[in-house]
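Below are the chains, spelled out letter by letter.
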Number of protein chains: 2
Amino acid sequence: MLNYESVREAHRRIEGHVTRTPVWSSELLNEALGHHIDFKMDSLQPMGAFKIRGAANALLTLKEQDRLPDRVVALSSGNHAQAVAYVARKLGLPATIVMPENASALKRRLTQQYGATVQTTPNRDQAVALSEELRQVAGTHLVHPFNDETVMAGQGTSALEALEDLPEPPDAIFATCSGGGWLSGTYLAAEPRGIPVYGCEPALANDAAQSYRAGTIVRLPQPPTTLADAATVQEVGTLTFPFLQKLTGFFEVDEDEIAYWTQWLGVFLRSIVEPTSAVAMAGAVQWLRSQDRPTRLLVMISGGNVSTQTHQAVRARDWLSVWPSLLPMPKSAG
Amino acid sequence: MLNYESVREAHRRIEGHVTRTPVWSSELLNEALGHHIDFKMDSLQPMGAFKIRGAANALLTLKEQDRLPDRVVALSSGNHAQAVAYVARKLGLPATIVMPENASALKRRLTQQYGATVQTTPNRDQAVALSEELRQVAGTHLVHPFNDETVMAGQGTSALEALEDLPEPPDAIFATCSGGGWLSGTYLAAEPRGIPVYGCEPALANDAAQSYRAGTIVRLPQPPTTLADAATVQEVGTLTFPFLQKLTGFFEVDEDEIAYWTQWLGVFLRSIVEPTSAVAMAGAVQWLRSQDRPTRLLVMISGGNVSTQTHQAVRARDWLSVWPSLLPMPKSAG
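All values reported here derive from a predicted model rather than from experimental measurement.

A. Quick peek at the overall build of chain A. Across its full length, chain A carries 14 helices and ten strands. Scaling as 2.2 N^0.38, a compact globule of 334 residues should have a C-alpha radius of gyration of about 20 Å, and chain A matches this with 19 Å. The dimensions of chain A, computed from C-alpha atoms along their principal axes, are 60 × 40 × 40 Å. For chain A, the share of sequence-separated contacts (at least 6 apart) that also reach a separation of at least 24 residues comes to 72%.

And the structure:
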């Protein structure tokens, strides 16, 4: 049964294999919004995203149990691919990553640089079929990107560290929802202290928010398209959904808000922040509009791997001409 | 007489007012190039650039001498503006920053957010005239961006910290040259250990390299235009040039190299790095091509303040499709 202690164990297990990332804040941003926001900078992991935590905990758990496989397989077009490749290399395991052909050339290249074999398929369904085929080979372990308890516990170590490092507990925590692993772990880390955790999603990929409202897993009819390209699963996991149901709420953010906060977090943090991470900030700002006293928030920055195409799309409009405030953004600015 | 001890004193003086920025490296980048590169991340200063060091040392030196002015003036369209505004606010001094009208709206806004009054003029000549006029007012101190010994000593504290933090001294240090303050200070910090320091410049703004070769200060006929918008002075300073003459050499880099390394440092460091900082990396790569054994380099990252227009210009071409190596870049890639 997954609980706070699972996250603490995961943290002990992966120590030395992942980076204890810093918590940063921006004086100017806090002044602009009238609230204090701390950012957990998991974009500064060696492969650029929190995904390394879950992958490390999954494989190191097997190692602890003397069940280390002969080879590792993963299906991912993004950060999970790089995370599994990175951790497998550190453990001396060969890794094969299955990617649909529309994955960015940069992510494919980085995954290969971490030593993995990349196999591409014409589309996602064929990628699923191929990864299932590969996992049947004796001695193979498939690391699921989210629907795996060791992965979920590993992802929770990020919030665990942040809560240890902050001088006082935040009033609320915001994280982006894709398959729900990051939020499940974050919920587990925050639960003993009763800190509210909010999920944030692109409005164009709002399967988790829909599922949360419906009380049952809702599957999007087709893969969504959004700037937040790491939050595009069609449905959350059967293991993650029970934790998502315990969250305090969900925020859905539009594409302008995602572009806006990707640009401004670049200014305030001098960091390349994925649009998917900016989703959490945009959700936090929606919440702040309803607050009548100064609050302290923790916003989880999930990753910093951005292709040129995404950079171009994010920066097509100059949102840096609109100074941050808690007023709704002008939709006509450009 | 400015020397190593001046930099050490500056470091003691500004401690607590500026951030001791980290030194970062990238495993993937080191593997790609076959050398070890450490990056001093001064883009992570509170206002986003090393300029805070010189401004802090200049004003804190006056404070130490009980000569703190009633108000501060600076002429700058970029990071020096923000640095002076930031430090003046911390010291409770009113600041007026004179900017030419073509300065980016973002930089103007950030300077104002740090509490400074911004006065704009139609062009740079008029900005110089206005700042001269303002400095005549009794009780006013003008902080020069580079031609000031306290500023130069302050800028050297960055390399000083890096050399303290590195486990072994680097084989060479690379920094971008604008007015020469950053390189003068870096030279002073490195000199006692005899570490070679190289200046790097955009080929389109190569006044320092020309001056170095000529043995006398060469002034560009007009303000240069380059992606490296923080390296566009027309001539180096009379106080900085004697130190620039002591450098081991200069590298001149073209606009493609600047765009290329701005993009790739974003991937390897997950940081927003100014094109002006990428100039130093591009120079380092030119030097590496002549090395026949693995080396350790220190590359100074000067700042991370980038406008949307500069982001767009840097990312117009997808250089992330060309994996880094020591081969010359393909000029036809796109």
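B. Structural detail: the packing of aromatic side chains. The final tally for this structure, using the stated rule, is 30 aromatic pairs over all chains. Their ring planes at 40° and their centres at 6.2 Å tell us that Phe 174 of chain B and Phe 251 of chain B sit as a pair that is tilted. Of this pair, Phe 174 of chain B sits in strand 7 (residues 172–176) while Phe 251 of chain B sits in strand 9 (residues 249–253), placing them 77 residues apart in sequence. Of the two residues examined, Phe 174 of chain B and Phe 251 of chain B, each falls in the buried class. Taking the centre distance of 5.3 Å and the plane angle of 25° together, the rings of Trp 264 of chain B and Phe 268 of chain B count as stacked. Of this pair, Trp 264 of chain B and Phe 268 of chain B both sit in helix 12 (residues 255–269), four residues apart, which is roughly one turn of the helix. When sorted by exposure, Trp 264 of chain B lands in the same class as Phe 268 of chain B, which is buried. Cluster of aromatic residues (ring-pair linked, three or more members): Tyr 260, Trp 261, Trp 264, Phe 268, Trp 319 and Trp 323 of chain A.

C. Representation of the sheet that holds strand 3 (residues 71–75) of chain A in the model. Residues and elements named next belong to chain A. Here four strands make up an open sheet; going across it, the order is 5-4-3-6 and the pairing parallel. What marks the edges here is a single partner per strand, and that holds for strand 5 (117–121) and strand 6 (140–142). Pairwise comparison of adjacent strand axes, ignoring direction, gives a mean angle of 25° for this sheet. The strands touched by helix 4 (residues 79–90) within the sheet are strand 3 and strand 4 (95–100), with strand 4 carrying the most contacts at an inclination of about 170°.

D. Quick look at the interface of chain A and chain B. Contact residues are listed per partner, giving 39 residues for chain A and 40 residues for chain B. Taking both partners together, chain A and chain B bury about 3100 Å²; carbon and sulfur atoms supply 55% of that area. At the boundary of chain A and chain B, one finds six salt bridges. A salt bridge links Glu 27 of chain B to Lys 90 of chain A, with the nearest nitrogen and oxygen atoms 3.0 Å apart. Those elements that place two or more of their residues in the side of chain A that touches chain B are helix 2 (27–33), helix 4, helix 5 (105–113), helix 12 (255–269) and helix 14 (308–314) of chain A. Residue contributions to the side of chain A that touches chain B peak at five residues, all from helix 12 of chain A. Along the lines of polarity and charge, the residues of the side of chain A that touches chain B split into 17 nonpolar, 13 polar and nine charged.

E. Highlighting helix 5 of chain A. Within the span of helix 5 of chain A, buried status applies to Leu 106, Lys 107, Leu 110, Thr 111 and Gln 113 of chain A. Projection of helix 5 of chain A onto a plane perpendicular to its axis shows the buried side chains occupying an angular sector of 160°, all on one side. The elements touched by buried residues of helix 5 of chain A are helix 4, strand 4 and strand 5 of chain A together with helix 2 (27–33) and helix 12 of chain B. Once helix 5 of chain A finishes, Gly 115 of chain A follows within two positions and takes phi at roughly 95°, a positive value.

F. Summary view of the state of the cysteines. The tally for this structure, following the rule as stated, stands at zero disulfides over all chains. With no disulfide of its own, Cys 200 of chain A lies 9.3 Å from the sulfur of Cys 177 of chain A, the closest cysteine sulfur.

G. The arrangement of the nonpolar core in detail. Core analysis: the biggest nonpolar cluster contains 156 residues, and Trp 261 of chain A together with Trp 261 of chain B have the highest contact counts within it. Trp 261 of chain B has contacts with Leu 29, Leu 33, Ala 278, Met 281, Ala 282, Val 285 and Pro 324 of chain B, leaving out every residue within four places of it along the chain.

H. Structural context of the pattern of salt bridges. If you walk through the whole model with that rule in mind, you get 36 salt bridges over all chains. Notably, a salt bridge pairs Arg 20 of chain A with Glu 164 of chain A, separated by 2.9 Å at the nearest N-O pair. Taken together, the positions of Arg 20 of chain A in the loop between helix 1 (4–14) and strand 1 (23–24) and Glu 164 of chain A in helix 8 (residues 157–165) put the pair 144 residues apart, joining distant regions of the chain. Residues Asp 171 of chain A and Arg 293 of chain A are paired through a salt bridge, measuring 3.8 Å at the closest nitrogen-oxygen approach. Note that Asp 171 of chain A is positioned in the loop between helix 8 and strand 7 (172–176) and Arg 293 of chain A in the loop between helix 13 (275–288) and strand 10 (296–301), a separation of 122 residues in sequence. Its relative accessible area of 28% is what places Asp 171 of chain A among the partly exposed residues. Salt bridges here are not isolated pairs; linked through shared partners, they connect Glu 27 and Glu 31 of chain A together with Arg 89 and Lys 90 of chain B.

I. Main features of the pairing of strand 10 (residues 296–301) of chain B. Residue and element names in this part refer to chain B. Summarising burial for strand 10: five of the six residues are buried, a large majority. Where strand 7 lies against strand 10, three bridges are found, and the strand directions are parallel. Bridging across to strand 10, Phe 174 finds its partner in Val 299.

J. Just the pairing of strand 5 (residues 117–121) of chain B, in detail. Residues and elements named next belong to chain B. Alignment of strand 4 (residues 95–100) against strand 5, held across five bridges, turns out to be parallel. Each bridged residue has a counterpart across the sheet, and for Ile 97 the counterpart in strand 5 is Val 118. With helix 5 (residues 105–113) bridging strand 4 and its parallel neighbour strand 5, the resulting β-α-β unit is right-handed.

K. Highlighting the sheet that holds strand 8 (residues 197–202) of chain B. The strand order across the open sheet built from six strands is 1-2-10-7-8-9 (chain B), with neighbouring strands paired in mixed fashion. Every other strand in the sheet has two partners, leaving strand 1 (23–24) and strand 9 of chain B as the edge strands with one partner each.

L. Inspection of the packing of helix 4 of chain A against helix 5 of chain A at higher detail. Residue and element names in this part refer to chain A. Relative to each other, helix 4 and helix 5 sit at 10°, their axes nearing to 8 Å. With respect to helix 5, the axis of helix 4 lies roughly parallel. In contact with Ala 81, Gln 82, Ala 85 and Arg 89 of helix 4, helix 5 contributes Lys 107, Leu 110, Thr 111 and Gln 113. For the contact of helix 4 with helix 5, the residue count by class is three nonpolar, three polar and two charged.

M. Local environment of helix 13 of chain A. Helix length check: helix 13 of chain A, at 14 residues, gives a terminal C-alpha distance of 20 Å against a target of 20 Å (1.5 Å per residue), a fit within 8%. Among the 14 residues of helix 13 of chain A, 13 are classified as buried, and the element is accordingly described as predominantly covered.

N. Local environment of the confidence of the model for chain A. In this model, chain A carries an average pLDDT of 96, and 99% of its residues clear a pLDDT of 70 or more. Interface confidence in the predicted complex, given as ipTM, is 0.96; pTM for the same model is 0.97.

O. Structural view of the packing of helix 12 of chain A against helix 13 of chain A. Residues and elements named next belong to chain A. Running from N to C, helix 12 and helix 13 point in directions that differ by 105°, and their axes come no closer than 8 Å. Taken together, helix 12 and helix 13 sit at an angle that is classed as roughly perpendicular. Residues Glu 257, Ile 258, Trp 261, Thr 262 and Leu 265 of helix 12 pack against Pro 275, Ala 278, Val 279, Met 281, Ala 282, Val 285 and Gln 286 of helix 13. Partitioning the contact of helix 12 with helix 13 into residue classes produces nine nonpolar, two polar and one charged.

The rules behind these values
- Residues numbered from 1 in each chain as written.
- Chains lettered and ligands numbered in written order.
- Predicted model: local features only at pLDDT ≥ 70, side-chain atom pairs only at ≥ 80, totals over all residues.
- Heavy atoms only, no water.
- Helix = DSSP H or I, 4+ residues; strand = E, 2+ residues; numbered from the N terminus.
- Rg over C-alpha atoms; globule rule 2.2 N^0.38 Å.
- Contact = heavy atoms within 4.5 Å.
- Phe/Tyr/Trp six-rings, centres within 6.5 Å; stacked < 30°, edge-to-face > 60°.
- Buried < 20%, exposed > 50% of the residue type's maximum accessible area, 1.4 Å probe, protein only.
- Pairing = 2+ DSSP bridges.
- Axes fitted to C-alpha atoms, helices over the stretch in contact; angles between N-to-C directions.
- Buried area = accessible area lost by both parts, 1.4 Å probe.
- Salt bridge = Lys/Arg side-chain N within 4 Å of Asp/Glu carboxyl O.
- Nonpolar A, V, L, I, M, F, W, Y, C, P; charged D, E, K, R; others polar.
- Arc of directions from axis to C-beta.
- Disulfide = S-S within 2.5 Å.
- Core = buried A, V, L, I, M, F, W, Y, C linked by side-chain atoms within 4.5 Å.
- Right-handed = clockwise from strand over helix to strand, strands pointing away.
- Parallel < 35°, antiparallel > 145°, perpendicular 65-115°, else oblique.
- Expected span 1.5 Å × (residues − 1).
- pLDDT = per-residue confidence, 0-100.

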